[in-house]
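Take a look at the letters that make up each chain.
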Amino acid sequence: MIELAENRYGKSRIRLMKVTRHAHGQTYTHDLREWTVQVLLKGDFETAHLEGDNSKILPTDTMKNTVYSLARTSKAIAMEDYAKELVDFLLTRNPQVSSASVRVESTMWKRLTVDGEPHPSAFMRGSGELQTTSVERAQAGSFHILSGLDNLVLLKTANSGFEGYIKDSLTTLPETKDRLFGTAVTADWCYTSPNLDFDAVRTEIREAMLRTFANHNSKSVQQTLYAMAESALEAVPQIDEIEITMPNKHCLLVDLSRFNQDNPNEIFVPTDEPHGYIEARVRRRS
Ligand SMILES: O=c1[nH]c(=O)c2[nH]c(=O)[nH]c2[nH]1
């Protein structure tokens with residue numbers, strides 16, 4: 001006997017740009033948001049898989065249209081609030097759906113400064129960093145919101161060392177009190193409430209992590225990762241758990257002795273592969 005164990009379906013990589021226009025008398029300001037949205041539904045789709053009966057299937061093309069239509073009417077500023085509206089909309093109109101999940105990835109656009117003034121309608125891509133959220137709700141259930149960020153690329157040139165580790169017959173790594181520490185942070189945190197000023201909380205979490213990365217006297221990526229998670233949890237009571245992944249993007253000191261030159265930690269070769277991979281989930285003790 002064979003059975004359908006689990007299934008879900010939806011639309012991925014729905015790209016959306018929203019311009020919000022504010023008029024101030026003779027002048028104006030525009031706000032810009034760029035989101036990539038994924039919608040996934042779980043529910044009563046067994047007959048679709050087993051019999052080819054599409055009578056309970058909301059086409060993924062309709063889900064894509066829903067994303068744009070709701071973006072037009074929604075007053076949400078935070079992507080978490082927009083995702084909640086989208087989940088509610090899909091669940092209300094589709095009783096065959098048992099749970100809906102919406103993920104939004106937001107691209108960083110920064111307002112251009114021209115002649116020292118913020119420009120009302122010109123923007124610059126900030127970096128490859130993404131702000132993320134995944135919002136899920138079952139019919140008659142409550143929201144589960146996991147927000148975070150991805151590809152926050154950081155580097156510190158002081159206050160990082162790595163010493164005192166295991167040495168065995170395969171060790172070649174020299175100990176160092178002074179190395180470059182480069183990483184690309186991924187973080188995901190859970191909120192204690194589904195109704196928050198999500199953008200304000202996000203800013204505080206991000207700033208707490210950045211401050212700690214900059215100021216930490218790092219004995220390892222592991223220690224700095226934990227300190228960053230701890231500072232986010234201390235700064236923001238509205239989250240109770242945070243998971244952080246920090247690859248160790250090694251920058252290797254170049255040996256210039258072959259050219260009769262010294263290299264007092266000035267010339268490095270940045271490497272992508274292989275890289276260390278450090279991950280931890282840190283939570284408030286209950
Ligand atoms: O911060 C570090 N943690 C490690 O576990 C590790 N391993 C390694 O080779 N270099 C480093 N650096």
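Residues numbered from 1 in each chain as written. Predicted model: local features only at pLDDT ≥ 70, side-chain atom pairs only at ≥ 80, totals over all residues.

Trainee: Explain the overall build of the chain here, please?
Mentor: A tally of helices and strands in the chain yields 5 helices and 10 strands. Residues counted as buried form 24% of the 286 residues belonging to the chain. In the chain, once contacts between residues fewer than 6 apart in sequence are set aside, the share between residues at least 24 apart is 61%. (Helix = DSSP H or I, 4+ residues; strand = E, 2+ residues; numbered from the N terminus. Buried ≥ 20, exposed ≤ 12 C-beta atoms within 10 Å, placed from the backbone. Contact = placed C-beta atoms within 7 Å.)

Trainee: Explain the UniProt feature "binding site: O2" (unreviewed entry) in the chain to me, please; I cannot follow it from the model alone.
Mentor: Under the UniProt annotation, the feature "binding site: O2" (unreviewed entry) is placed at Thr60 and Asn248. Spanning 189 residues, the named residues are also spread out in space, since their farthest C-alpha pair is 38.6 Å apart. In this structure, threonine 60 sits in helix H2 (residues 60–73). Aside from chain neighbours lying at most four places away, what touches threonine 60 is Tyr9, Gly10 and Lys11. By the element assignment, asparagine 248 lies in strand E7 (residues 239–248). (UniProt positions renumbered as here; feature names shortened; annotations may be inferred.)

Trainee: In this structure, what is going on with the sheet that holds strand E1 (residues 9–24)? I would like to understand it.
Mentor: Remark on secondary structure: sheet strands pair via backbone hydrogen bonds, oriented parallel or antiparallel. Ordered by their spatial adjacency, 8 strands build an open sheet running E1-E2-E3-E4-E5-E6-E7-E10, and the pairing between neighbours is antiparallel. Each edge of the sheet is formed by a strand with only one pairing partner; in this case those strands are E1 and strand E10 (276–283). For this sheet the average axis-to-axis angle between neighbouring strands, irrespective of direction, equals 20°. Here E1 runs beside strand E2 (residues 27–43); their pairing, made up of 14 bridges, is antiparallel. Within the sheet, the bridge partner assigned to methionine 17 lies in E2 and is glutamate 34. (Pairing = 2+ DSSP bridges. Axes fitted to C-alpha atoms, helices over the stretch in contact; angles between N-to-C directions.)

Trainee: I keep staring at the environment of aspartate 272 and nothing clicks. Help me out?
Mentor: By the element assignment, aspartate 272 lies in the loop between strand E9 (268–270) and E10. Among the residues examined, aspartate 272 registers 8 C-beta atoms within 10 Å and is labelled exposed. Spatially, the C-alpha atoms of aspartate 272 and lysine 249 are 6.0 Å apart, while their sequence positions differ by 23 residues.

Trainee: Would you take a moment to explain the packing of H2 against helix H3 (residues 79–93) for this structure?
Mentor: For any two helices packed against each other, the geometry is given by the interaxial angle and the distance between the axes. Two elements in contact, H2 and H3, have axes whose closest approach is 11 Å; the angle formed by their N-to-C orientations is 125°. Classified by the angle between their axes, H2 and H3 sit oblique to one another. H3 is crossed by H2, and the crossing has right-handed handedness. Contact residues: H2 offers Thr66, Val67 and Leu70, while H3 offers Glu85, Leu86, Phe89 and Leu90. Residues belonging to the contact of H2 with H3 are distributed by class as follows: 5 nonpolar, 1 polar and 1 charged. (Parallel < 35°, antiparallel > 145°, perpendicular 65-115°, else oblique. Left-handed = near helix turned anticlockwise from the far one by under 90°. Nonpolar A, V, L, I, M, F, W, Y, C, P; charged D, E, K, R; others polar.)

Trainee: Is there a simple way to explain the UniProt feature "binding site: urate" (unreviewed entry) in the chain in this structure?
Mentor: Within the UniProt annotation, "binding site: urate" (unreviewed entry) is assigned to Thr60, Asp61, Phe162, Arg179, Val221, Gln222 and Asn248. With respect to the helices and strands, the residue arginine 179 is situated in the loop between strand E5 (144–156) and strand E6 (181–191). Accessibility expressed as a C-beta count within 10 Å gives 22 for arginine 179, which makes it buried. Excluding residues that lie within four positions of it along the chain, arginine 179 makes contacts with Ser160, Gly161 and Phe162.

Trainee: Whenever I open this one, the domain arrangement of the chain confuses me. Can you help?
Mentor: When the parts come together, some accessible area is lost, and that loss is often what is quoted as the size of the interface. One can read the domain layout of the chain as domain 1 (9–142) and domain 2 (152–283). For domain 1 versus domain 2, the distance between C-alpha centres works out to 31 Å. Taken together, the contact between domain 1 and domain 2 spans 9 residues of the former and 6 residues of the latter. Every element with two or more residues in the side of domain 1 that touches domain 2 is listed here: H3 and strand E4 (117–138). Sorting elements by how many residues they give to the side of domain 1 that touches domain 2 places E4 first, with 4 residues. Looking at the side of domain 1 that touches domain 2, its residues break down into 2 nonpolar, 4 polar and 3 charged. (Domains from an automatic or database assignment.)

Trainee: What should I look at first to understand H3 in this one?
Mentor: Because each turn of an α-helix spans 3.6 residues, side chains separated by three or four positions in sequence point in the same direction. Helix length check: H3 (15 residues) gives 21 Å between terminal C-alpha atoms against 21 Å at 1.5 Å per residue, within 8%. All of the buried residues along H3 are Met79, Glu80, Asp81, Tyr82, Ala83, Lys84, Leu86, Val87, Leu90 and Leu91. (Expected span 1.5 Å × (residues − 1).)

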